[in-house]
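# Coordinate analysis (summary)
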Amino acid sequence: MSVSRRFAAATALLCFSMSAVSAQAAARDLPTAERWQDAELAWHRGDYVRALTGLETVLRGTDASTFRERIALLTGENWHTSHVADDARAPRFSPDGRRAAYETGQGAARITRVIEMRDGFPLVAELTGSGLVFSADGARVAFLIGQREQTQLVVRDLASARDEAVPLIDAVPAQALFHADGSLFVVAAPIGDVRTSLYRVTPGNAPIRVSRTDSIVADLRMAADGASLLYGVGGRSPVQIGTGRAFAGGPARRQFAIMDLATGAERVITGESPVMSADGSTVAYITRTDGTNRVHTVPVGGNAEATDAYATSDPLTNLALTPDGARITFQQQPREDWELFTVSRTGGAPERVTREIQHDLLPQWLNGNRLLAVVGEARHRRSYLYAGGQRIRLFHNNSVRTIAPEYEWVPSPDGTKLLVVAERDGDTVTPHRHLWCIDLTREVTVPELTRRVQQSREAERRLRANGERIFAPIAADVRRAVNEVSTDRVYDYARDLFAFDSKHITQPGNAAARSYLQEQYRRFGFADVREQTFEARTSVNQPPVRTANILAVLPGTTHPELVYVISSHFDSRAEGPGADDNTSATSVLLETARVLASRPQAATIIFASLTGEESGLLGSREFVRVAKAENLQLAGVLNNDMVGWANDQRLDNTIRYSNPGIRDLQHGAAIQFSNLITYDAFYYKSTDAQAFYDGYGDVVGGIGSYPVLGNPHYHQTHDVLETINHQLVAEVAKTTVASIMYLASAPSRVTGLTASSLSAGSAELSWRASPEQDIATYELQWGPAEAPTRYRRDVTVPRVTVPRVAVPRVAGPRVTLENAPAGTVVAVRAINTRGLSGWDWARTPVPAAH
């Protein structure tokens, strides 16, 4: 490390140490309640070092227990959460709660694991199959093996591991459910038929059909006392009855049946979305007639008339009954977002449970006093408890910056535990999803919470210090640039684009937007503005549509052959103008282009307004296709999408990245040069970033509301201008200006890194020389996988001057490293003459010697 870089790093750390000392001193001088308030306010404005320092002071005081829960919920979780499995879906509990099961793997390789619900979650059984259900005592399981007409139902005794096939003559099973007496109820269809029926199977006897109607829905619900059974009838697609996991607007049932298992009587009722209370006393359901949605309740058993509990003209779905059937909770949409309401089964005025601007969804009662529900949209939902008029966050990853999307929630029968399928590491790209268990009987202790706060503060200090260090050589230039970002101009772009209404490639607004974008880029002073035209089909039955990306090129000053792209799609859905999706990020792109038009950087920057994202990433895929065909030396990409909707008073957004180096520099850019509060998620799928990743690998960063926010206007006609916070958009523009200035000024990632083992635990390392002409040194770090930065070294290699006809590919350094046995992780990055470090490390393991 050079002397100047060491000095900059030391200065940054000293500043953080001094600020922490002053924050601690200030916190010590305040009464505990004021310390808490000061820390909470600092948290909300994104001053996390001050916030966490204050919180630690409170936790070390005499009133720690008073503030423990508030601090726990501000910084993460209040209850103990344990890791169950790395790859899981469809979790379920046994009726007694002592065991659980989950599925893992894909397709024919899918298996089901049964575990004990105690410390360590020991494995009980591993089964090749799916659709597992437990017997009442948890001692046996039934599951499906095979596919299509070869599907079989198998019962396993978990103690003996003995399997027994259930004899369903010439029928294909779809689902099974144990009765308390050990018999099985099975939904099955005769081979070659789609109409399912309900059968009862007792040991040693042939199956007996017990339903009188055809087309039984394969999601049975049995009363806890085993006296009755609930199921949908009259359709082919399954509906999730009483699980709380169906999506709003999902498949609706028009009829359902309640069977009295003592008499075999089957009562068919016209209605949809039926749910049964846990005690088996009550069923609730919905009817929809003449624009009115009604909630009804009916007692289980006998032929009592249904009671009308509630009626509304608003959209209504997803019922949940309290265990005793006394109250019903449901989703209703009074305006643009779903809210939760509760009403008595006998009717009366409903009680409003939620007032969240995001969607409130999928209610489930854990017991008579605790309601579980989730918030947000499908790619990032979060679970909450509602009790005593409070909303309490359940799941988190206990970190300041990284978010944790959730996907499935299954409570234990007694409501004391919750299995959650989630990506607690923030990785939304890899196919596996982790399984976690929240124990609602074990709260986080003060010492545990203190350690969390300390760890979070140290991570935040490192992140901030790293950002100050890397930006130090260009901080003054960046600050002058971001000071020119104008919220008024950002609003003007958004207003102009909004006037074109839908900018979908099939709508006139698409062509109008293209003309507008070209005009703006030229007005900013760009000499090279291109229309990248192509044709695409929106469906096989429609003729091709002619559309275009609009590109503005800012040539680099010292190595123009290297290219960085900043992009956003300007098209919207056909349904509406798309003020957030994606006029907001288009406004960021235009303002960034305006500010940088007179500030060319070392590398070339292409400002890419992409079309057709809403029709299948058409514009980004066309851009990448042409770039690859022309051998464009694309080194990095920023892609912004949906940056203008604010859930609350905070100016926050998510860094969606494939490259951790870009992630960290964007955090640094936001912290130093804007008021934007940034989270992060390893996320690029189903966005234009995916096309760049597919073409050029993990060189992508950018900002987008999703998955951290849940805009209820997403892909709706009411995604309109007045729902956008244009100050938030301007802060994203500042962060983007700073980020692209760093990327286009710093060395690109080193390529061609290879390592080979030598004798006595040493290794030889080589890589291609960086294409930039201003490289001063290469920084090396290496060590074992658990400590990859244990050793450091700088390497200076004279560069051979090559005429700039193409990117020079001169031979790079060859270096021998000591203390580098097989398995050592080696990383290299370049540092230029201005002291700017490469924005990412090239990494490779040292292989075993041959």
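Residues numbered from 1 in each chain as written. Predicted model: local features only at pLDDT ≥ 70, side-chain atom pairs only at ≥ 80, totals over all residues. Heavy atoms only, no water.

Now for the overall build of the chain. Counting its secondary structure elements, the chain contains 13 helices and 48 strands. Whereas a compact globule of 850 residues would reach a radius of gyration of roughly 29 Å, the chain reaches 30 Å, a difference of no more than 12%. Here the C-alpha coordinates of the chain stretch approximately 90 × 65 × 65 Å along the principal axes. Looking at the 850 residues of the chain, the share that counts as buried comes to 58%. Within the chain, contacts between residues at least 6 apart in sequence are counted, and of these 60% link residues at least 24 apart. Per element, the accessible surface of the chain, about 33,800 Å² overall, is 49% carbon and sulfur. Distance from the positive charge centre (89 side chains) to the negative charge centre (94 side chains) of the chain: 4 Å. (Helix = DSSP H or I, 4+ residues; strand = E, 2+ residues; numbered from the N terminus. Rg over C-alpha atoms; globule rule 2.2 N^0.38 Å. Buried < 20%, exposed > 50% of the residue type's maximum accessible area, 1.4 Å probe, protein only. Contact = heavy atoms within 4.5 Å. Areas by Shrake-Rupley, 256 points an atom, 1.4 Å probe, with all protein chains shown as cover. Lys, Arg positive; Asp, Glu negative; His and termini not counted. Charge placed at Lys NZ, Arg CZ, Asp CG, Glu CD.)

Now for helix α6 (residues 475-482). Among the residues of α6, those classed as buried are A475, V478, A481 and V482. Viewed along the axis of α6, the buried residues span an arc of 125°, placing them on a single side of the element. In this fold, the buried residues of α6 make contact with α5 (446-471), α9 (579-596), α11 (660-673) and α13 (726-745). (Arc of directions from axis to C-beta.)

Turning to unusual backbone geometry, a few remarks are in order. The omega angle of the peptide bond from D581 to N582 is 15°, so this bond is cis rather than trans. Inspection of the secondary structure puts N582 in helix α9. One non-glycine residue, S686, adopts positive backbone phi at about 60°. With respect to the element layout, S686 can be found in the loop between β39 (677-682) and α12 (688-696). Exposure remark for S686: the relative accessible area of 55% places this residue in the exposed category.

Below, the discussion takes up the pairing of strand β43 (residues 763-766). Sheet topology places strand β42 (residues 754-757) next to β43; 4 bridges connect them, and they run antiparallel. The residue bridging T754 from the neighbouring strand is S766, located in β43. Where β42 hands over to β43, the hairpin turn is made up of 5 residues, of which A760 adopts a positive phi near 60°. Pairing of β43 with strand β46 (residues 814-817) involves 4 bridges; the strand directions are antiparallel. Considered in β46, the bridge of E764 is made with T816. (Pairing = 2+ DSSP bridges.)

Moving on, we get to the packing of helix α4 (residues 64-75) against α5. Contact geometry for α4 and α5: axes closest at 10 Å, N-to-C directions at 45°. By the angle between their directions, the pair α4 and α5 is classed as oblique. Every pair of crossing elements has a handedness; the one defined by α4 and α5 is left-handed. For the pair α4 and α5, contact is made by A64, R68, I71, A72 and T75 and by V446, L449, R452 and V453, respectively. Counted by class, the contact of α4 with α5 contains 6 nonpolar, 1 polar and 2 charged residues. (Axes fitted to C-alpha atoms, helices over the stretch in contact; angles between N-to-C directions. Parallel < 35°, antiparallel > 145°, perpendicular 65-115°, else oblique. Left-handed = near helix turned anticlockwise from the far one by under 90°. Nonpolar A, V, L, I, M, F, W, Y, C, P; charged D, E, K, R; others polar.)

With that settled, the discussion passes to the pattern of salt bridges. When the charged atoms of two side chains with opposite charge come close together, those side chains can pair. Inspection of the entire model under this criterion finds 47 salt bridges. Note that E56 is salt-bridged to R457, the shortest N-O span being 2.5 Å. One end of the pair, E56, is in helix α3 (residues 48-59); the other, R457, is in helix α5, and 401 residues separate them in sequence. The pair formed by E56 and R457 is uniform in burial state, with each residue classed as buried. As a salt-bridge pair, R113 and E126 come within 2.7 Å of each other at their nearest N and O atoms. Taken as a pair, R113 in strand β4 (residues 111-116) and E126 in strand β5 (residues 123-127) lie far apart in primary sequence, 13 residues in all. Given the relative accessible area of 42%, E126 is considered partly exposed. It is possible to trace a salt-bridge network through shared partners that takes in E56, R60, R457, E458 and R461. (Salt bridge = Lys/Arg side-chain N within 4 Å of Asp/Glu carboxyl O.)

Right, let's get into the environment of R479. Along the chain, R479 falls in helix α6. Overall, R479 belongs to the partly exposed group, its relative accessible area being 36%. For the pair formed by R479 and S399, sequence separation is 80 residues and the distance between their alpha carbons is 29 Å. Setting aside residues no more than four positions away along its own chain, R479 makes contact with Q672 and F673.

Right, let's get into the packing of helix α7 (residues 487-498) against helix α8 (residues 508-524). Running from amino to carboxyl end, α7 crosses α8 at an angle of 155°, the nearest separation of the two axes being 10 Å. One way to sum up the angle between α7 and α8 is to call them roughly antiparallel. Where α7 crosses over α8, the two elements pack in a sense that is right-handed. Note on element contacts: α8 touches α7 through A513, Y516, Q520 and F524, opposite D492, Y493, D496 and L497. Its residues assigned to classes, the contact of α7 with α8 shows 5 nonpolar, 1 polar and 2 charged.

This next bit is on the packing of aromatic side chains. In total, this model carries 19 aromatic pairs according to the counting rule given. Taking NZ or CZ as reference, R433 lies 3.5 Å from the ring centre of Y407, over its face. (Phe/Tyr/Trp six-rings, centres within 6.5 Å; stacked < 30°, edge-to-face > 60°. Lys NZ or Arg CZ within 6 Å of the ring centre and 35° of its normal.)

The 4 strands are arranged β2-β3-β4-β5 in an open sheet whose pairing can be described as antiparallel. Each edge of the open sheet is held by one strand with a lone partner, namely β2 (89-93) and β5. Each strand of the sheet is rotated relative to its neighbour by a mean of 15°, with strand direction disregarded. Here strand β3 (residues 99-104) runs beside β4; their pairing, made up of 6 bridges, is antiparallel. When the bridges of β4 are listed, T104 appears paired with I111.

What follows deals with the nonpolar core. F471, Y521, F526, F607 and F623 are the most contacted members of the largest nonpolar core, which has 87 residues in total. The element that contributes the greatest number of residues to this core is α13, accounting for 12 residues. Excluding its chain neighbours within four sequence positions, the residues that come into contact with F471 are V478, L665, G668, A669, Q672, F673, A738 and Y742. Of all hydrophobic cores here, the second largest spans 24 residues; its members include W36, A39, A51 and F67. (Core = buried A, V, L, I, M, F, W, Y, C linked by side-chain atoms within 4.5 Å.)

Each α-helix winds once per 3.6 residues, and so residues spaced three or four apart point in a common direction. Judged by how many residues are buried, α12 sits mostly within the fold: 7 of 9 residues are covered. Along α12, the positions that sit buried rather than exposed are D688, A689, Q690, A691, F692, G695 and Y696. The inward-facing, buried residues of α12 contact β35 (559-569), β36 (603-610), α10 (618-629), β37 (633-639) and β40 (700-701). Positive phi shows up at G697, right after α12, with a value of about 85°.

Reading across from one edge, β33-β34-β36-β35-β37-β40 is the order of the 6 strands in this open sheet, with mixed pairing throughout. The outermost strands of the open sheet, each flanked by one partner alone, are β33 (528-536) and β40. Bridge analysis of β33 against strand β34 (residues 545-554) gives 9 bridges, and the strand direction is antiparallel. Along β34, the bridge assignment pairs V529 with A552. With respect to the sheet, α8 is in contact with β33, β34 and β36, its orientation differing from that of β34 by roughly 15°.

This brings us to the side chain of S486. Mapping S486 onto the fold places it in the loop between α6 and α7. Here the side chain of S486 touches R489 through a polar contact of 3.1 Å, landing on its backbone nitrogen. If sequence neighbours within four positions are ignored, S486 has contacts with E591 and R594. (Polar contact = N/O pair within 3.5 Å; in protein donor to acceptor, adjacent residues only side chain to side chain.)

Bringing the side chain of S766 into the picture now. Mapped onto the elements, S766 comes out in strand β43. A polar side-chain atom of S766 sits 2.9 Å from a polar atom in the side chain of T754. Ignoring anything within four residues of it in the chain, the contact list for S766 reads G752, L753, T754, P813 and R814.

What follows is about the confidence of the model for the chain. Averaged over every residue, the pLDDT of the chain is 90; residues scoring 70 or more account for 92%. When the criterion is pLDDT under 50, residues 1-18 qualifies, and its contacts beyond four places in sequence or with other chains add up to 17 contacts. Note on residues 802-809: pLDDT is under 50 here. Beyond four places in sequence and across chains, it has 16 contacts. (pLDDT = per-residue confidence, 0-100.)

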